[in-house]
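Chain and residue survey
Each chain is listed here by its residues.
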Amino acid sequence: MPKDQAIESVLVIGSGPIVIGQACEFDYSGVQACRVLREEGIRVILINSNPATIMTDPEFADATYIEPITPEIIEKILEIEKPSAVLATLGGQTALNAAMALHERGAFEKFNTKLIGANVEAIKRGEDREIFKGIVAKIGGESALSRICHSMSDCISAADELNYPVVVRPSFTMGGLGSGIAFNQSELELIAGAGLRHSPTNEVLLEESILGWKEYELEVMRDHRDNVVIVCSIENIDPMGVHTGDSITVAPALTLTDVEYQKLRDLSIEIIREVGVDTGGCNIQFAVNPTNGRVIVIEMNPRVSRSSALASKATGFPIAKIATKLAVGYTLDEIQNDITKSTPASFEPTLDYIVVKVPRFAFEKFPEADPRLTTTMKSVGEAMAIGRSFGEALQKALRSVEKKGASFSWVKEGESREELLTKIGIPTEWRLQQVQRALWLGATIDEVHAITKIDPWFLAQIAMINGLANEIVAEPVLTPEFFTKIKSSGFSDIQIAALRGTNELAIRAERNALGLKPVFKTVDTCAAEFEAHTPYHYSSYDTETEVLSRAKPAVIILGSGPNRIGQGLEFDYSCVHAAFALRDAGYETVMINCNPETVSTDYDTSDRLYFEPLTLEDVLEVIRAETAAGPVLGVIAQLGGQTPLGLARGLLDAGVKILGTSPDAIDLAEDRGEFGRILQENGLTAPKYGLARSYEEAVAVAAEISYPVLVRPSFVLGGRGMEIVYDDESLRGFIQKATEITPNQPVLIDRFLDDAIEIDVDALFDGNELFLAGTMEHIEEAGVHSGDSACVLPSMSLSPQKLAEVRAATEKIARGVGVRGLINIQFAISRAEKDGALYVLEANPRASRTVPFVSKATGIQLAKAASLIAMGKTIAELRSENFLPSAGDGIAVGVSVKEAVLPWNRFRRTDGMGVDSVLGPEMRSTGEVMGIAETFGEAYAKSQVASFGALPLSGTVFLSLSERDKAPSVEPARALVNLGFTLYTTAGTQKLLSENGVASTLVRKNSEPGEGLSAVDIINTSMVDLVINTPLGRGTRHDGWLIRTASVQRGIPIITTIAGFKAAVSGITALRAHDFSVKSLQKWQKLVK
Amino acid sequence: MSNAYLVLDDGTIFQGSSWAATGETFGEAVFSTGMTGYQETLTDPSYHKQIVIMTSPHIGNTGMNDFDMESDRIWVAGFVVRNPSPRVSNWRSGYSLEDALIKSGVVGIQGVDTRAITRHLRDRGAMRVGIFSGTELSRDEMVIKVRGSEQMSGAFLAKDVTTPKKYVVGVPKGVEKKFIVAALDLGIKRATPRSMAQRGIEVHVFPIDATSDEIMSINPDGLFISNGPGDPATMTATVALVREFLTKSIPIFGICFGHQILGRALGFNTYKLPFGHRGINQPVKNIKTSKVEITAHNHGFAVAAPIEGNFATVFGSGFVSHICLNDGVVEGLELLERPAFSVQYHPEAAAGPHDAQYLFDHFAEMMAKSSASRGAHA
């Protein structure tokens, strides 16, 4: 049966900001959904609060609402747009939860619409653990023995029945939030306590431990005619006990016989039928006892998931796209397989390659966090690699995560075998590398298996890699046969060089002299049974290449690699835009990236896709293959963040043309001396700074600049390792860490501007003309990383003169550096004086994190324009072609506020307490939201609702402020009292407020002796609705930390800067005056034109 | 590890390393796309005289066990893999794949670009091939030897794989015995009688040369015609036997080779596919229900029957009950006036999905109806 004609318009619910457990895979799925719906002639209405997504580009929907994803707001949209149906299965758990809330409120009936994709009953059956267990039992499967608990006493008695360790799983949370393994009662109290709070239904499940069992996941699709296919099987190398999102995984499953695999397949099909997912995809997880094959069904997600994105990229079967087609009425056999063009989608992909996914973690950003991997997901991104053997795929994946120490190494120094054997007992980010070294140092496969439960098959493969490494050392010369063998086991030139005591260039030269290069195979869903029409390639050291020759000139776009804090979706957005713009301009677009979650790695985004690690060697090989296939104009490296930028110099040295801003210009902006000279020549000022390569040099520089100073390693993104340092002693500690982050690079030491407004500018420059897209004002003061600071566009407090000064400075810098494309500059304006001095903090001649935000706020597609400038277009031409306004700079419509989303609730210290949530110069946010409205107050309030949940409109606020922040807090505190709020304060704050006639109730600091309620008590007993706590002095003082961690764990909104406090008060005031208004981006942008 | 060569009829040579038994072997080159189930494939008699190329890059991971044998020996003429496993990992495993191949004298080759070979066969069609491992022949000598080997078209192979004497697969404990079926063994897989036995069918497996009288002596409720190797056009005696049973109105069920034989008995031709269907992911549409089943395939020949509407045969009208959605090949036949049906694919799976197991129920229902009507006549 073809499309359901009754569906004329569909509201697609997105997944909101990028958080741990819910990342840009839902942008990928949402984009596919929007495309499919529009191809079907269906009007698409979209809600998503995340401006960095491709799906919120106005051309992907007919009405795009960048609004908080709450049932209240969705109801307003339903009222305005009256969609015939709502699609909530492609927006992760956020969308599913929103749909369930809408159902509870009767919104579907009220607005005469319906849910498509999965019905409410199926969602409940899939997500409610007790019902799901019943289903598993009914179809003859087994679940882990378990008990449902609603209170701590339930939990304690259940654990006694099940025996420790027990697994705690809260209901209706995503990414395993709040779950963990408790080995004793005190751990249980901690984990289950958090779980009960995180679960919207205050429900947790306790179950028998199946730690160490083999873990599998099957991606299943079903249509309304009950045709079911398994798209992909995924096996976790890390056995049960580590969240799937944090596990190294492989596709297809490699250690099951057909009999065992078919058992999982049969169970999956029975489950999807019984749960009643009528159309669409779901994933089902299994544990298999390695000693007897007993199968336990763990859980299902009745929606498209992170694993679905991985499975789509791993197989070439576009799950989200197909799920959307099924939702509007098609059956699997009516849908064509895009890749073969001749066979239907009603089949099961078969792989003739191995896919390995490796998660990327950010523990370095949270040094106090417990590094153990558990059933709560903690990774912030992932890289995927494809090879013709497990070794090749694994080693490619490890170098794709772009983290020092991730690739296997064989240096003599380091931990002993015994130390390693102890360490591998506890899963951490580095366990696989420890396993590899332990095996290399002589541990047996059986020994390592006994400790880690990692399947011996994988261990044998790693042992084989170790054996080859020893041979690389021992071989007198690398014969062509041996060279091929090691390359086809995934060894990089760098690894071979390290083993042979030479350098990468020498090995490459040796390899090139032998004519040894990888071939490029195709991901085709069918193991070559049918011809593939989609150039989705991966490299392998094998014999036959499949790259087709072409006549059209190609542009190669380098993606941004795995998501990490500081380099995420925003950069993929820019790369995708370049691919679209350049394809439209008549170029053949070639994308290189290794992040399976992204839109850029969709085989539809570019003309050719290479799923490859973003290292010099791998990129050069793609360029070699493409150059052999046809003309290559060059490489665009300025859009994917630091990853491609870091490759630009090496590519240039290898004779590759870098399009747009040259590597020399990039280096110029990074080199403090050179850049300082440009500033000086143009009459611009930077805060005093210095460079140091040692502790002694650093102390001298700091003495000259005077403390406090801002210190950071050079060539990093996201403020990695950046700190504000107040004395020589902390400087020493910093220098040690910094040299680990970027060895061979100097450390930058800047004067820290206390009390300044920070400004972020995104602009285009073509060598002649400047187009200033937006001047954003940070809400938090300087010292908070720009990525973690909320910001507003247009700027709220700068005078027209100051804005003109900013523009003039931007133009001078762009010209001085030699930008051809995008530039982002951070300025600070001192608040110490009126109309204070303008300082240039840094300039980045590349796409910034704020490009998508500015694009959404102004309606100008900056990344597209930048990619065309890189190809030689002028801004004047872009103006005449309507890419840019015919005259003038970018104008923001309404007021747009960007707010960062922080992952505090994911991390705990080893003592089980939370990590500190105070903001600082090192970026720690995982994502962002945008609020757009007529006024700052409303826009800010929207951004808060979208990022943290609702601001309280009445109730109680607790204030505990640092000395510096006390005075500025008087007026916002008074405003709260006038709005009817009750205030609780600690002693100092209370004193100042009462002197100014603002009444508050005194609460004891936890460090103060005495009776009565302490600060933490009132938070833990939910007596407060909002917490304002700015850090007391410097360093983590215990009281502030206790307050902040308690708030995070209780899920109470907490603000840690005075600027944030002021903004929150204006938000609350705006919301009290009138309810949120909603307006689509398309309507906003009509206002400009 | 010495060099080994995979030499194709058209002169193409792929160099790899020796693996499993050494020596030389010849057969028809076929590729199988299943990601699991190499043990079942190796022991499936339908692969007799075929050299199987596995598209899945790692083979041997789970070793070999005593439970997943589809017959009592390995049948393939040669085995081509990219990365054999250095270690076996599975709780049921008894021994390694390479040991099993060596014990059976099966010549293998490893380290070849199996995807390139697959693409070659896909584009040029199935062809004769040889593996030369540890031999000292020139390239020309090897090609000449391959060109001198036996062709699959016109090959009568079922005689090599059939059981030497009749045996019975009884219903398992706790299952009620409902029917007796005579199964003609042209290369039967163990999973087939097992699937029937689970449904209360006692299966008497007959050798290929069983006469009609011998079969009738067990008073069967149904006749089953198994899968097997070779060209169906060579099966004239079996086709004649099936025609005889069609006139008796005893329910008939054929799988794979058995389906081709039923097709020929009904008067259709069989033809060689360019490169065949071998895998466990093939979408087949059931014309009656419009549902798609994911199925296991292993066939190089197919039946030429009209897909649209009903067709007429000397045994009454019938229709194509199943087609392959990938290429429209006939995958099932069913008669309307007589109880006979067949499928080109493998409902018994092993290896492969269990989506088509309902066909054994269909056979049982057909026998129930038939015995009820015979009962009425009696």
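Reading the values: rules and limits
Residues numbered from 1 in each chain as written. Chains lettered and ligands numbered in written order. Predicted model: local features only at pLDDT ≥ 70, side-chain atom pairs only at ≥ 80, totals over all residues. Helix = DSSP H or I, 4+ residues; strand = E, 2+ residues; numbered from the N terminus. Rg over C-alpha atoms; globule rule 2.2 N^0.38 Å. Contact = placed C-beta atoms within 7 Å. Pairing = 2+ DSSP bridges. Axes fitted to C-alpha atoms, helices over the stretch in contact; angles between N-to-C directions. Core = buried A, V, L, I, M, F, W, Y, C linked by C-beta atoms within 7 Å. Buried ≥ 20, exposed ≤ 12 C-beta atoms within 10 Å, placed from the backbone. Domains from an automatic or database assignment. Nonpolar A, V, L, I, M, F, W, Y, C, P; charged D, E, K, R; others polar.

1. Things to note about the overall build of chain A
Along its length, chain A carries 38 helices and 39 strands. Its C-alpha atoms give chain A a radius of gyration of 28 Å, within 12% of the compact-globule value 31 Å for 1089 residues. Each principal axis of the C-alpha atoms in chain A carries an extent, and together these give about 80 × 70 × 65 Å.

2. Details of the environment of Ala1063 of chain A
Residues and elements named next belong to chain A. Take Ala1063: it is sitting in helix α37 (residues 1058-1073). Taking the C-alpha atoms as reference points, Ala1063 and Gly212, 851 residues apart in sequence, are found 49 Å from one another. Ala1063 has contacts with Ile779, Ala790 and Tyr940, leaving out every residue within four places of it along the chain.

3. Considering the sheet that holds strand β1 (residues 9-13) of chain A
All names here are of chain A. In space, the five strands of this open sheet follow the order β3-β2-β1-β4-β5, with parallel pairing throughout. The outermost strands of the open sheet, each flanked by one partner alone, are β3 (63-65) and β5 (114-116). Adjacent strand axes in the sheet meet at a mean angle of 25 degrees when their direction is disregarded. Two elements, strand β4 (residues 85-87) and β5, share three bridges in a ladder whose sense is parallel. Note on β5: the bridge partner recorded for Val86 is Leu115.

4. Some details on the sheet that holds strand β12 (residues 249-251) of chain A
All names here are of chain A. Strand order in the open sheet made by the seven strands is β14-β13-β10-β11-β12-β15-β16, with antiparallel pairing throughout. Each edge of the open sheet is held by one strand with a lone partner, namely β14 (295-301) and β16 (381-387). Each adjacent strand pair in this sheet contributes to an overall mean axis angle of 25 degrees, direction not counted. Across the sheet, helix α10 (residues 306-315) is in contact with β10 (214-222), β11 (228-236), β12, β13 (280-288), β15 (354-360) and β16; its angle to β11 comes to roughly 100 degrees. Along the sheet face, helix α12 (residues 390-400) touches β12, β15 and β16 and points at about 150 degrees away from the line of β16.

5. Some thoughts on the nonpolar core
Within the largest apolar cluster, 462 residues are counted, with the highest numbers of intra-cluster contacts made by Ile557 and Leu764 of chain A together with Val80 of chain B. A total of ten residues in this core trace back to one element, the largest contributor, which is helix α20 (residues 569-584) of chain A. Each of domain 1 (3-147) and domain 2 (158-376) of chain B contributes no fewer than three residues to this core. If near-sequence neighbours (up to four positions away) are discounted, Leu764 of chain A is found in contact with Phe771, Ala773, Gly821, Leu822, Leu862, Ala865, Ala866, Ile869 and Ile875 of chain A. Judged by nonpolar contacts, the second largest core, of 17 residues, contains Ala159, Ile181, Ile191 and Leu206 of chain A.

6. Section: α12 of chain A
Most of α12 of chain A is tucked away, with eleven of its eleven residues classed as buried. Buried within α12 of chain A are the following residues: Phe390, Gly391, Glu392, Ala393, Leu394, Gln395, Lys396, Ala397, Leu398, Arg399 and Ser400 of chain A. Each element contacted by the buried residues of α12 of chain A is listed here: β12, β15, β16, α16 (456-474) and β18 (536-540) of chain A together with β5 (58-59) of chain B.

7. Structural notes on unusual backbone geometry
Glycine aside, the phi torsion of most residues is negative, and most peptide linkages are trans. Tyr164 of chain A connects to Pro165 of chain A through a cis peptide bond whose omega is -5 degrees. In this chain, Ala350 of chain B is followed by Ala351 of chain B through a cis amide linkage whose omega measures 0 degrees. Positive phi values are uncommon outside glycine, yet Lys82 of chain A reaches one of about 45 degrees. With respect to the element layout, Lys82 of chain A can be found in the loop between α2 (71-81) and β4. A positive phi angle, near 50 degrees, is found at Ala350 of chain B, a position not held by glycine. With respect to the helices and strands, the residue Ala350 of chain B is situated in the loop between β20 (340-343) and α10 (358-377).

8. Considerations on the domain arrangement of chain B
Often, the extent of an interface is quoted as the loss of accessible area on bringing the components together. Residue and element names in this part refer to chain B. According to the domain assignment, chain B consists of domain 1 (3-147) and domain 2 (158-376). Here the C-alpha centroids of domain 1 and domain 2 sit 29 Å apart. Taken together, the 23 residues of domain 1 in the interface contact 23 residues of domain 2. Among the elements that take part in the side of domain 1 that touches domain 2, strand β3 (residues 23-32) stands out by supplying three residues, more than any other. Split into classes, the residues belonging to the side of domain 1 that touches domain 2 amount to eight nonpolar, ten polar and five charged.

9. With respect to the pairing of strand β31 (residues 821-830) of chain A
Residues and elements named next belong to chain A. Counting buried positions along β31 yields eight of ten residues, so the element is predominantly enclosed. Summarising the sheet, strand β28 (residues 756-765) and β31 pair through ten bridges and their orientation is antiparallel. Bridge pairing in β31 places Asp760 opposite Gln826. Pairing analysis gives six bridges linking β31 to strand β32 (residues 838-844), with the strands arranged antiparallel. Paired with Ala828 across the strands is Tyr839, a residue of β32.

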